[in-house]
Amino acid sequence: MSGKNTFFLEINAEKQYFFFEIIGKNTSKKASYAFFSTFASMKTLTDTEYIHALIAEGEHQQQDFKFEISDARKIAKTLSAFANTDGGRLLIGVKDNGKIAGVRSDEEQYMIEAAAQLYCRPEVGYSMKTYQAEGRSVLVVQIEESQRKPVYAKDETGKFLAYLRIKDENILATPVHLRIWQQSERPKGELMEYTEREQLLLDLLEENERLSLNRYCRLTHLSRRAAEHLLAKFVRYDIVEPVFEGHKFHFKLK
């Protein structure tokens, strides 16, 4: 069982519920999310049991609770973050503490539609379904990972910004992330030129466990544009990885 995800499932036909446990060193939220989402499509659970099972997961990289949606621009930020990462799920009508409040009208559905189609660029793919739990309506919105990254969200000032989903937060994408996405459109098998700049970056990453973009620019006297381009290239070639710590992105060797 070492290194593999094992799913244990117990179904009670009379009460129509299931329990599952995921065991394995490499188990991740993404693995459990994918398994649960697939199995849920075959569910014999009642709506209440299903929503309770989702709530039990808590908020994480691929799930967010929303008591209500009052501003399409704000929810567009979450759609951008999910679409630019691994996709995700919104539970609307659920408080941050997991209590079911319910949605009061169809307004939330219109807000999601506006956020995805009017305030995200390019548009975000999604699906919606309403479940009845504890006598209240809970709207579950499934957001697809975009194949056309970055997905930008329009803020209150009219500016388009791209976000990432890290743990249970929506984080503003850095210029390095934007360059990674831009460079990913280039053909596979592209050769990387290896010069003194590339060697210097490797040396600095070996000398420093974490390296920020600003520090890299200071140490090398490179322009931000050149530094962003080189870091993005190293990330794309799976040499370097971005790490989010202390509300800042740093870079380290993989």
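Now for a quick tour of the structure.

Calculation rules
Residues numbered from 1 in each chain as written. Predicted model: local features only at pLDDT ≥ 70, side-chain atom pairs only at ≥ 80, totals over all residues. Heavy atoms only, no water. Phe/Tyr/Trp six-rings, centres within 6.5 Å; stacked < 30°, edge-to-face > 60°. Helix = DSSP H or I, 4+ residues; strand = E, 2+ residues; numbered from the N terminus. Buried < 20%, exposed > 50% of the residue type's maximum accessible area, 1.4 Å probe, protein only. Axes fitted to C-alpha atoms, helices over the stretch in contact; angles between N-to-C directions. Left-handed = near helix turned anticlockwise from the far one by under 90°. Contact = heavy atoms within 4.5 Å. Pairing = 2+ DSSP bridges. Parallel < 35°, antiparallel > 145°, perpendicular 65-115°, else oblique. Nonpolar A, V, L, I, M, F, W, Y, C, P; charged D, E, K, R; others polar. Core = buried A, V, L, I, M, F, W, Y, C linked by side-chain atoms within 4.5 Å. Salt bridge = Lys/Arg side-chain N within 4 Å of Asp/Glu carboxyl O.

Some words on the packing of aromatic side chains
Here is step 1 of the chain: According to the stated counting rule, one finds two aromatic pairs in the structure shown.
Here is step 2 of the chain: Ring geometry for Y50 and Y131: centres 4.9 Å apart, planes at 50°, overall tilted. Note that Y50 is positioned in helix α2 (residues 47-57) and Y131 in strand β6 (residues 126-133), a separation of 81 residues in sequence.
Here is step 3 of the chain: Y131 gets classed as buried once you look at its relative accessible area, which sits at 8%.

Examining the packing of helix α3 (residues 72-84) against helix α4 (residues 107-117)
The relative placement of two packed helices is expressed as an angle between their axes plus a distance between the axes.
Here is step 1 of the chain: Contact pair α3 / α4: the axes reach a minimum separation of 8 Å and the direction vectors enclose 65°. Considering how the two elements wind past one another, α3 and α4 form a crossing that is right-handed. In this structure, α3 uses A72, I75, A76 and L79 to contact α4, whose residues at the interface are M111, I112, A114, A115 and A116.

Description of the sheet that holds strand β9 (residues 160-166)
Here is step 1 of the chain: The four strands are arranged β5-β8-β9-β10 in an open sheet whose pairing can be described as antiparallel. Of all the strands in the sheet, the pair left with one neighbour each is β5 (120-121) and β10 (169-172).
Here is step 2 of the chain: Strands in contact with α3 are β5, β8 (152-154), β9 and β10; relative to β9, the strand with the most contacts, it is inclined by about 60°.

Brief notes about the packing of helix α5 (residues 175-183) against helix α8 (residues 224-236)
Here is step 1 of the chain: Closest axis-to-axis distance for the α5/α8 pair is 8 Å, and the angle between their directions is 60°. If you check the angle between α5 and α8, you find them oblique. α8 is crossed by α5, and the crossing has right-handed handedness. Mapping the contact onto sequence places P175, V176, R179, I180 and Q183 in α5 and R225, E228, H229, L231, A232, K233, V235 and R236 in α8.
Here is step 2 of the chain: Each residue belonging to the contact of α5 with α8 can be placed in one class, and the counts come to six nonpolar, two polar and five charged.

Some remarks on the nonpolar core
Here is step 1 of the chain: Judged by nonpolar contacts, the single largest core of 26 residues is most densely connected at L79, L90, I92, I112, V124, V141 and I143.
Here is step 2 of the chain: Counting residues per element, the ones that place at least two in this core are α3, β4 (88-92), α4, β7 (136-143) and β9.
Here is step 3 of the chain: At seven residues, the largest contribution of residues to this core is made by α3.
Here is step 4 of the chain: What L79 contacts, discounting residues up to four positions off in sequence, is L90, I112, A115, A116, C120, V124 and I143.
Here is step 5 of the chain: Grouped together as the second largest cluster of nonpolar side chains are 20 residues, L222, L231, F234 and V235 included.

As for the pattern of salt bridges
Here is step 1 of the chain: As enumerated under the stated definition, the model contains 12 salt bridges in all.
Here is step 2 of the chain: Here E68 ties to R104 by a salt bridge, and the two come within 3.9 Å at their closest N and O atoms. Of the two residues, E68 sits in the loop between β3 (63-66) and α3 while R104 sits in the loop between β4 and α4, which places them 36 residues apart along the sequence.
Here is step 3 of the chain: Here E68 falls in the partly exposed class, since its relative accessible area comes to 41%.
Here is step 4 of the chain: Between E241 and K252 there is a salt bridge, with its nearest N and O atoms 3.6 Å apart. Placement of the pair is E241 in strand β11 (residues 240-245) and K252 in strand β12 (residues 248-253), with a sequence separation of 11 residues.
Here is step 5 of the chain: Among the charged side chains, a network of salt bridges with common partners joins D64, K66 and R165.

Any functional reading would require information beyond the geometric quantities listed.
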